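Survey of secondary and tertiary structure
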Amino acid sequence: MTDDDIDRLAEGFLACALPKECWTHQAHFATALWLILTRPDVHPERDLPDMIRRYNASVGGVNSDTSGYHETITQASLRMARHMLAGLDVHPSPAQALARLMASPLADKDWPLAYWSRDRLMSVEARRSWVAPDIRPLPT
């Protein structure tokens, strides 16, 4: 994915104009990295949850106790993206950062299961609010 591709994807997401089928695991990380790297006016940990809820609703999704927005996965993904960025020697473009992230274990959409048991991660509590990992801590 190029920087232009990521720009279009993230802007489509923000405008609630991105087709639902384009909101993939990779697109989630691309958007998060784009926000972190290019939007100093946005605080992703604070702002992204409402952005995702709004987007989900715009494409007919439901943000409920069993589907849609998931707080723990969102916050964990942001922490892992920031951790990956902090380990780089250079300030990458969004495309460079995404390529690095997608070459890591984070490319697997089930990566959180290395840190959380499935039952804990899929709980209503974890969907609604931050729940700490129960297998091992996230890197700091």
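For the structure given in this document, a descriptive report is provided here. (Residues numbered from 1 in each chain as written. Predicted model: local features only at pLDDT ≥ 70, side-chain atom pairs only at ≥ 80, totals over all residues. Heavy atoms only, no water.)

1. Some details on the nonpolar core
Condition: Nonpolar cores were defined as sets of buried Ala, Val, Leu, Ile, Met, Phe, Trp, Tyr and Cys residues, with membership established by side-chain atoms within 4.5 Å. Whether a residue is buried, partly exposed or exposed follows from its accessible area with a 1.4 Å probe, protein chains only, as a fraction of its type maximum: under 20%, in between, or over 50%, in that order. In this description a helix means any DSSP run of H or I spanning at least four residues, a strand means any run of E spanning at least two, and both kinds are numbered starting from the N terminus. Throughout, a contact is declared for two residues whenever any of their heavy atoms are within 4.5 Å.
Formed by 38 residues in total, the largest nonpolar core has its most connected members in Phe13, Leu33, Leu85 and Trp111. Taken together, the elements giving at least two residues each to this core come down to helix 1 (3-14), helix 2 (25-38), helix 3 (44-58), helix 4 (71-86) and helix 5 (94-102). Looking at this core element by element, the count peaks at nine residues for helix 2. Look past the residues within four positions of Trp111 in its chain and what remains in contact with it is His25, Phe29, Ala76, Ser77, Met80, Pro105, Leu106 and Leu138.

2. Remarks on the packing of aromatic side chains
Between two aromatic rings, the relevant description is the distance of the centres plus the angle of the planes. Rule in force here: A pair of Phe, Tyr and Trp rings is counted when the ring centres sit within 6.5 Å of each other, with Trp represented by its six-membered ring. The angle between the planes then sorts it: under 30 degrees is stacked, over 60 is edge-to-face, the rest tilted. When the NZ atom of lysine or the CZ atom of arginine is within 6 Å of a ring's centre and also within 35 degrees of its normal, the charge is said to sit over that ring.
One pass over the structure, following the stated rule, counts six aromatic pairs. Between Phe13 and Tyr55 the ring centres are 5.4 Å apart and the planes differ by 45°, which places this aromatic pair in the tilted class. A residue pair is termed long-range when its members are at least 10 positions apart, and Phe13 in helix 1 and Tyr55 in helix 3 qualify at 42 residues. Comparing Phe13 with Tyr55, the two get one shared label, buried. A centroid spacing of 5.4 Å and a plane angle of 55° characterise the contact between Trp23 and Tyr55, whose relative ring orientation is tilted. On the criterion of sequence distance, the pair formed by Trp23 in the loop between helix 1 and helix 2 and Tyr55 in helix 3 is long-range, its members being 32 residues apart. Take Trp23 and Tyr55: they sit in the same class, and that class is buried. A connected cluster of aromatic rings, assembled from ring pairs, spans Trp111, Tyr115, Trp116 and Trp130. Just above the ring of Tyr69 sits the side chain of Arg53; from NZ or CZ to the centre is 4.3 Å. Above the ring of Tyr115, the side-chain terminus of Arg136 is found at 4.4 Å from the ring centroid.

3. Some details on helix 3
Operational definition: Expected helix span is taken as 1.5 Å per residue step, with the number of steps being one fewer than the number of residues.
An ideal rise of 1.5 Å per residue puts 21 Å on 15 residues; helix 3 measures up with 20 Å between its terminal C-alpha atoms. The set of residues buried in helix 3 consists of Pro44, Asp47, Leu48, Pro49, Met51, Ile52, Tyr55 and Asn56. Elements that come into contact with the buried residues of helix 3 comprise helix 1, helix 2 and helix 4. Just past helix 3, the residue Gly60 takes up positive phi, approximately 85°.

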